Protein chains: 2
Amino acid sequence: MYVGIDLGGTNIAAGVVDDNGKILCQASLPTKADRGAEAIAKDMAELAKRVIADSGLTEKDIKAIGVGSPGSVVNSTGTIAYSNNINMKNFPLGDIIRSYVDLPVNLENDANAAAYGEYAINGKGSECFVFITLGTGVGGGVIIDGKLFRGFNGCGAELGHTVIEHGGEQCTCGRKGCWEAYASVTALIRQTKEAMEKNPESLMHALAEKEGKVSGRTAFDAAKQGDSAAQEVVDQYIRYVADGIVNMVNTFQPTKIVIGGGISKEGDYLLNPIREFVKANDYNKYLEKTEIEIATLFNDAGIIGAALAAKSEIE
Amino acid sequence: MYVGIDLGGTNIAAGVVDDNGKILCQASLPTKADRGAEAIAKDMAELAKRVIADSGLTEKDIKAIGVGSPGSVVNSTGTIAYSNNINMKNFPLGDIIRSYVDLPVNLENDANAAAYGEYAINGKGSECFVFITLGTGVGGGVIIDGKLFRGFNGCGAELGHTVIEHGGEQCTCGRKGCWEAYASVTALIRQTKEAMEKNPESLMHALAEKEGKVSGRTAFDAAKQGDSAAQEVVDQYIRYVADGIVNMVNTFQPTKIVIGGGISKEGDYLLNPIREFVKANDYNKYLEKTEIEIATLFNDAGIIGAALAAKSEIE
């Protein structure tokens with residue numbers, strides 16, 4: 001039995017996870033990201049204790065605590081080198097949690113933890129497995145021979161921060177033209193707003209008004225109802241996503257690529273054109289092809305992945 | 001002792017290589033790529049025998065033959081799935097060479113073999129090592145934990161075929177906007193010709209006339225002599241190269257990236273602005289940084305790499 005903790009900018013979520021990746025019990029707290037890192041670390045430990053107790057277990061039943069955290073995470077030392085949205089710099093998060101709960105703590109970058117969760121549940125046995133999350137940003141994780149690939153300094157697999165448009169849109173990372181700046185929900189909302197401005201008659205206006213805002217669903221929903229301007233937004237957005245996915249295929253030739261994050265809820269509507277685009281553009285035309293699937297763990301990927309990554313580290 | 005064979009579209013080069021990657025003796029033959037694959041394979045075996053004899057050795061002194069070949073190579077079966085420029089399709093090259101010389105044969109993609117050579121000589125101990133070759137095309141190879149990374153089907157690490165300009169220049173692979181279409185020698189020549197057309201007064205015209213053609217050196221040489229149009233070509237070309245290198249850094253966070261191929265002979269003139277660009281654009285701003293170096297094996301990388309990759313496979 002393991003505890004998985006998903007540290008986010010808004011909430012800290014924790015759960016007790018069994019060896020098969022099933023969540024037995026979970027709970028969450030607001031992160032209150034603007035307070036000190038020490039207080040957040042203490043709350044993470046308290047939340048771990050709470051879900052252990054709520055499961056009717058004691059610390060002796062738990063083999064390790066796994067944490068997924070945003071930012072640059074150094075797994076080997078249990079340190080957050082830097083995290084933008086929770087104000088941590090060279091912060092020994094592992095040691096501090098351990099000072100409250102005497103269990104081994106394994107730290108991973110949040111996208112890596114989610115990737116490991118999807119791998120453990122949907123990709124077991126894949127020689128190479130790539131996870132892409134299309135959310136506020138575009139995150140990625142790579143598992144090679146069953147091990148999380150982190151690069152020599154722990155900061156690898158920032159797949160959203162690969163440029164697909166040289167000199168293009170400004171990215172939050174400082175570069176111009178990153179995949180994230182075209183394929184994230186944030187980018188889709190920008191693209192939707194631009195199209196709305198040019199197409200005052202589009203159904204997107206009515207849908208956005210009904211929802212109270214332009215969201216990542218506005219263009220998809222309007223396109224499904226036959227709106228041509230929305231269809232153009234969706235088609236171009238999918239080409240951006242798929243072009244980046246072909247980059248990942250040509251780089252890794254993974255056994256499987258799994259797509260998660262908010263946009264992945266579009267299911268086959270998103271997946272089918274991506275598969276077609278990849279088939280037409282993959283460098284490999286003669287050997288077995290990468291499978292492309294939609295993620296299945298959604299919001300639980302963080303907790304499950306953090307727990308199972310900890311399991312794989314202590315085994 | 002090993003034999004390394006570098007199979008190219010123009011020449012077959014082979015050499016006897018010692019355990020430290022030193023070539024003891026080498027020889028080459030024209031590939032005559034338009035003849036049948038069988039005849040090419042036979043010549044490769046004959047050339048191996050010749051360099052063994054020329055070194056004063058016998059087959060008993062050789063532990064294995066390593067081959068680097070263009071195309072999609074299946075290492076596990078010793079088969080060329082497909083090669084564009086030597087007309088091989090599902091061709092059991094390993095078995096056929098072995099029918100003439102009774103030694104283990106290890107097949108690698110040529111860029112992977114060269115990558116392994118550079119790794120073995122310049123990157124030993126690197127947890128992750130990336131090799132980029134800027135030649136007629138842009139090739140790549142990745143070594144993770146001392147092992148060549150090939151993807152699940154053997155066709156991975158086609159780093160030149162990652163798009164850096166969505167919908168951009170046509171690439172030979174069928175996609176639009178690949179890194180290869182901006183950072184290869186072929187691309188540099190195209191960029192140079194475009195600038196020459198716009199700048200009839202540029203020194204590039206005189207240099208090209210002297211050389212009898214526009215080459216990958218034309219813009220670099222003219223820029224070094226103060227030609228401003230040439231300097232613009234070089235600056236933009238280097239930004240294309242460097243943008244792709246940052247993509248590789250953010251993807252792999254390798255311990256080291258080594259740049260080879262014809263353009264790498266520009267040395268520090270190429271390397272210094274790349275290092276500056278990478279420093280400014282790397283996602284990792286707080287952890288140890290990837291080292292970036294120029295390759296040292298040049299034309300011998302293929303023979304040495306093929307031999308040492310074979311050595312690592314049989315060890």
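Residues numbered from 1 in each chain as written. Chains lettered and ligands numbered in written order. Predicted model: local features only at pLDDT ≥ 70, side-chain atom pairs only at ≥ 80, totals over all residues. Heavy atoms only, no water.

**Observations concerning the relation of the copies chain B and chain A**
Right, on to step 1. Note on the copies: chain B fits chain A at an RMSD of 0.0 Å, the axial shift is 0.0 Å, and the rotation between them is 180°. The superposition of one copy onto the other is thereby described by a two-fold rotation axis.
Right, on to step 2. Both copies share a contact surface, since 100% of the interface residues of chain B are interface residues in chain A too. (Least-squares fit on C-alpha atoms with pLDDT ≥ 70 in both. Contact = heavy atoms within 4.5 Å.)

**A closer look at the sheet that holds strand β12 (residues 256–260) of chain A**
Residue and element names in this part refer to chain A.
Right, on to step 1. Across the sheet, which stays open at both edges, the 5 strands sit in the order β11-β10-β9-β12-β13 with mixed pairing between neighbours. Unpaired on one side and paired on the other, β11 (147–148) and β13 (291–294) mark the two borders of the sheet.
Right, on to step 2. Across 4 bridges, the pairing between β12 and β13 is parallel. Residue pairing for β13: Ile259 is matched across the bridge by Ile294. (Pairing = 2+ DSSP bridges. Helix = DSSP H or I, 4+ residues; strand = E, 2+ residues; numbered from the N terminus.)

**With respect to the packing of aromatic side chains**
Right, on to step 1. In this structure the tally under the stated criterion is 15 aromatic pairs over all chains.
Right, on to step 2. On the numbers, 6.2 Å between centres and 85° between planes, the contact of A:Phe220 with A:Tyr237 is edge-to-face. You can see A:Phe220 sitting in helix α7 (residues 218–224) and its partner A:Tyr237 sitting in helix α8 (residues 228–252), a full 17 residues away along the chain.
Right, on to step 3. What makes A:Phe220 buried here is its relative accessible area of 0%.
Right, on to step 4. Taking relative accessible area as the criterion, A:Tyr237 reaches 0% and is therefore assigned buried.
Right, on to step 5. Arranged with centres 5.9 Å apart and planes meeting at 65°, the rings of B:Phe220 and B:Tyr269 form a pair that is edge-to-face. One end of the pair, B:Phe220, is in helix α7 (residues 218–224); the other, B:Tyr269, is in helix α9 (residues 268–281), with 49 residues separating them in the sequence. (Phe/Tyr/Trp six-rings, centres within 6.5 Å; stacked < 30°, edge-to-face > 60°. Buried < 20%, exposed > 50% of the residue type's maximum accessible area, 1.4 Å probe, protein only.)

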